[in-house]
Amino acid sequence: MNVAERPHTVETPAVQPPHPTPRPAEEFAALKKAWESPKGWRILTAVNNTYVGVWYLGTALLFFILAGLLALIMRAQLARPESEVVGHGLYNQLFTMHGTVMMFLFAVPAVEAASVYLLPNMQAARDLPFPRLSAFAFWAYLIGGLVFFASLFWGVAPDGGWFMYPPLTSYRYSPGDNADWWLLGIGFIEISAIAGAIEIIVGVMKTRAVGMSLDKLPVYSWAMLVFAVMIVVGFPAIILGTILLELERAFHWPFFIAEKGGDPLLWQHLFWFFGHPEVYIIFLPAAGMVSMIVPTMAQTPLVGYRLVVLAIIATGFLSFGLWVHHMYTTGLPKMSLSFFSAASTAVAVPSGIQVFAWIATIASGRLKLTTPALFIIGFLFIFTLGGLTGVMVAVAPFDWQAHDTYFIVAHLHYVLIGGMVFPLFAAFYYWIPAASKRALSERLGKWVFALMFLGVNVTFFPMHIAGLIGMPRRVYTYPVGMGLEALNLVSTIGAFMIAAGVALFLYDLARNFRFTFDDNAGNVWNAGTLEWLPNGKYAARSIPYVTSRDPLWDRPNLSKEVEDGAWYLPGNPTGGREALVTSPIEGRPQYLLQIPGPGWEHVLAAFFTAAFFLLLTVKLVFLALICGLLAVACVIWWVWGLDPGPTRPPADIGGGIVLPVYVTGPMNHSWWAMIVLMVVAGMTFACLVFSYLFLWLVNPGAWPPAGMSVPHLDWPLMAGGLYGVASGLIAAASRALREERTTGRLPVLILLALPCVVGAAAVDLWAQWRAGIAPAAHAYGACVFAIIALQWFFVATSAIMGLYTIARWLAGKLDPVRRSTFDNVMLFWHYTTGQGLVGLLVTYGFPHAVGGG
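Residues numbered from 1 in each chain as written. Predicted model: local features only at pLDDT ≥ 70, side-chain atom pairs only at ≥ 80, totals over all residues. Heavy atoms only, no water.

Looking at the environment of Leu468
- Structurally, Leu468 is set in helix H14 (residues 442-469).
- Looking at Leu468, the relative accessible area reads 56%, which means it is exposed.
- Considered as a pair, Leu468 and Gln123 are 345 residues apart in the sequence and their alpha carbons are 48 Å apart.
- Excluding residues that lie within four positions of it along the chain, Leu468 makes contacts with Phe398 and Phe407. (Helix = DSSP H or I, 4+ residues; strand = E, 2+ residues; numbered from the N terminus. Buried < 20%, exposed > 50% of the residue type's maximum accessible area, 1.4 Å probe, protein only. Contact = heavy atoms within 4.5 Å.)

Laid out in structure tokens, this is it:
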């Protein structure tokens, strides 16, 4: 069915392009010049979402291949009983690295990378709101990931499993550096994932096409929004867990050592609060891709759009209620098991809604069996099987039998390969024509699908049987005579079939993929969404007014109108790079965001940040501190130019709409980013408070233990008073900045607030130390000092931000109008003082409320 035959999905209002065409040639030339990429080796400084997205995806694909090679070595070892292809020590490193690389270096980065490329184009935005943040996340991920993987070749790769359960991974049983590579390397890489999540949240909510209200938002954008929120909520748990375990390894603070008041189950709670939602963090973006591909393949709008969106939101919400799904065999109370078993079953409902919506869409259209469609069908089959076994292991008595057997290995891979890898390959074949001069081969693509689909089932279906027979997970060999020989040999053959499919895909990619901006293969699928608009390095030439979810189907001339510059913002009125910022609900234009171009600041910041963490791993503390200071300096250099102020007059974007080029407060995109960052900080602190309270309950009557006492309440009252004064002084500085005649008070008030907030943290530290609280003697002292250490980190960061604000005031870059920097710093200061007050309440209040202190 061609475009002319397609009925409108909604009644389209009579909206006309605001600009006459043709547009002046010099306008287009200025736009192209502003978005021109650096030449030669300076291309590394590029920040265009198209460059960064392709680099990001290429790196994620590299790690997918590397992790797959590790899997092939493991399958070769397990093909025959009592094999000696690799020894048990190397095998432990291989399966740890395979799981870690697949989950941390491929799955999450791959979907983030796809969003960096797709979201601006899908929402007809010029770029994401923080292009250098996306580039920083990529470079940090690339450098950290490559060095982390290289630890295999140095014999120091982590070997405690991708889940790193203590006490096996604590200093007593893993005294080498292997576990440190995981803790510091992966903890750092997760920080880059959070940076990407902040970018995605602000990008989805604030940089959209005119008129793209939430009910017209592409399903993929909804999926990425929920994905990013889940990262913001879930990833702080694993970051905190890695910090606590590294503190235990480095300084013997006993968070997980039972004889000193710790509990290994605390790690499992922190890890799986992140780990099980991560399955859905991976699945939801893939489901969003499927919801974009299926309507195009069937040439009909998605059935049940609102239900699909609600299902995505429900999946994200429910996923945080079932982390104990992985802890059924740890001796939890039966009431807890019942609750989490019910939640584990309930989460299948929203997934089922999406599956039935896709099937209904296929049934209501005319599906063509193209390569993307075949991968979608394969996804539906494999993911559904994985979901069925997921319902089985949600039942606690069955899980008690199947836990830690190869049945779980089969279930995990059916869910992850079916729910993420197959949709991602469908996305490769579907969207590569938007980035390449040539589409990938349909003939080769069908062979790729056949090899991968058959390979997955041949590999993992026999593992269900092997697990039920009794083959345990994470063993490097097995004895003859258990009935496992044929099953393992078949699984190994299947693994090499998958590898053959991936190799054929790489051949197809090398033969046909030719990255381009303005000469791509075009809308080869007759899709209806905005990422198929003609574009260049500046994305769409002009930003259209959106009246439906499938604008290219409903307005057949829209592509030409956009390319001719007939819609909003056909040029660059500020003379630089710009993005149109819209309201979060209705998609109404609010202001023009002046965004930065290429630069070395973020690249060097990523390099030195990676060096800081990696040097700490090998105990080169002095060099690590130097790199940390250089990283902070590069970040300051980077952010110095990010608040240009109202340097240009309001700009006419067309249709009589004149927008400011600078705003402050909640309308500003950076304000949103700071709010999201505060949620990340709050979740990290909440997980630390949870750790304190969990261990408090584990130690009834001994919190604090004998020999330690809670300081007198005079100390927390003094510290709390200083926090309150510091927050009040910052509020007074905000009022002083509102008027020109009082701005001179700003640096004085900030300089008065600095000793107050530092003094409050110092009083707390001194009181606890004076009371004999020893962090290495008992988990109580470890938790108290962990809360103090985290607070000191925020106090130090607040102090740096305060001094930075004073520097901007002295440089004439801060005034009653140009105050976004101060507004963001003020938010962070208020958060820091609030966290300090809650920390005082927890550490001084709860031992008195219950316990033996």
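There's more to say after this.
Digging into a positive patch on the surface
- On the surface, a cluster of positive charge is made up of Arg438, Arg443, Arg511 and Arg514.
- Positionally, Arg438 belongs in the loop between helix H13 (406-431) and H14.
- You can call Arg438 partly exposed: its relative accessible area is 38%. (Patch = residues over 30% accessible without salt bridge, like charges linked within 9 Å, V, L, I, M, F, W, Y side chains within 5 Å. Areas by Shrake-Rupley, 256 points an atom, 1.4 Å probe, with all protein chains shown as cover. Salt bridge = Lys/Arg side-chain N within 4 Å of Asp/Glu carboxyl O. Lys, Arg positive; Asp, Glu negative; His and termini not counted. Charge placed at Lys NZ, Arg CZ, Asp CG, Glu CD.)

Some points on the pattern of salt bridges
- Going through the model one piece at a time under the given rule, you end up with 15 salt bridges.
- Notably, a salt bridge pairs Glu36 with Lys537, separated by 3.0 Å at the nearest N-O pair. With a gap of 501 residues between them, Glu36 in the loop between helix H1 (25-34) and helix H2 (49-78) and Lys537 in the loop between strand E1 (535-536) and strand E2 (539-540) connect regions that are remote in the sequence.
- Look at Glu36 and you get partly exposed, because its relative accessible area is 34%.
- Among the ionic pairs, Glu586 bridges to Arg588, the shortest N-O distance being 2.8 Å.
- Because the salt bridges share partners, they merge into one network encompassing Asp177, Asp180, Arg249 and Lys619.

Some words on the packing of aromatic side chains
- Enumeration according to the criterion identifies 68 aromatic pairs in this entry.
- Each ring, one from Phe235 and one from Phe274, has its centre 5.1 Å from the other, and the planes form 80 degrees; the classification is edge-to-face. Of the two residues, Phe235 is situated in helix H6 (residues 219-251) and Phe274 in helix H7 (residues 264-298); the sequence distance between them amounts to 39 residues. Both residues of the pair, Phe235 and Phe274, count as buried. (Phe/Tyr/Trp six-rings, centres within 6.5 Å; stacked < 30°, edge-to-face > 60°.)

Here we look at the side chain of Arg819
- Positionally, Arg819 belongs in the loop between helix H23 (779-810) and helix H24 (820-849).
- Residue classification places Arg819 among the buried positions, given a relative accessible area of 9%.
- Here Asp823 takes part through its side chain, which lies 2.9 Å from a polar atom of the side chain of Arg819.
- Excluding residues that lie within four positions of it along the chain, Arg819 makes contacts with Tyr662, Thr664, Ser734, Leu737, Arg738 and Leu814. (Polar contact = N/O pair within 3.5 Å; in protein donor to acceptor, adjacent residues only side chain to side chain.)

Examining the pairing of strand E5 (residues 651-654)
- Relative to strand E6 (residues 657-659), E5 is paired through 3 bridges, and the arrangement is antiparallel. Residue pairing in the sheet places Asp652 in a bridge with Val658 of E6.
- Between E5 and E6, which pair antiparallel one after the other, the connecting turn spans 2 residues, and Gly655 there sits at a positive phi close to 65 degrees. (Pairing = 2+ DSSP bridges.)

Notes on the nonpolar core
- Ranked by size, the top nonpolar core spans 285 residues in total, and within it Phe106, Trp182 and Trp431 carry the most contacts.
- It is helix H3 (residues 88-122) that provides the largest number of residues to this core, a total of 21 residues.
- Setting aside chain neighbours within four positions, we find Trp431 in contact with Leu118, Met122, Met289, Met292, Ile293, Glu531 and Trp532.
- The next biggest cluster of nonpolar side chains, apart from the first, holds 10 residues, and it includes Ala579, Val581, Leu593 and Val663. (Core = buried A, V, L, I, M, F, W, Y, C linked by side-chain atoms within 4.5 Å.)

Section: the packing of helix H21 (residues 714-737) against helix H22 (residues 746-770)
- Viewed as axis vectors pointing N to C, H21 and H22 meet at an angle of 165 degrees, and their least axial separation amounts to 8 Å. One finds that H21 runs roughly antiparallel with respect to H22. When the axes of H21 and H22 are compared, the crossing they make is left-handed.
- Of the residues that constitute the contact of H21 with H22, the class distribution is 25 nonpolar, 1 polar and 1 charged. (Axes fitted to C-alpha atoms, helices over the stretch in contact; angles between N-to-C directions. Parallel < 35°, antiparallel > 145°, perpendicular 65-115°, else oblique. Left-handed = near helix turned anticlockwise from the far one by under 90°. Nonpolar A, V, L, I, M, F, W, Y, C, P; charged D, E, K, R; others polar.)

Here we look at unusual backbone geometry
- Looking along the chain, the bond that leaves Pro166 and enters Pro167 is cis, with omega of 5 degrees.
- Mapping Pro167 onto the fold places it in the loop between helix H4 (131-150) and helix H5 (178-206).
- In this structure, Pro704 follows Trp703 across a cis peptide bond, with omega equal to 10 degrees.
- For Pro704, the location among the structural elements is in the loop between helix H20 (669-698) and H21.
- The residue His252 is not glycine, and still its phi comes out positive at about 65 degrees.
- As for its position among the elements, His252 is in the loop between H6 and H7.
- The backbone phi angle of Arg474 is positive, close to 60 degrees, even though this residue is not glycine.
- Mapping Arg474 onto the fold places it in the loop between H14 and helix H15 (485-512).
- With relative accessibility at 28%, the residue Arg474 sits in the partly exposed group.

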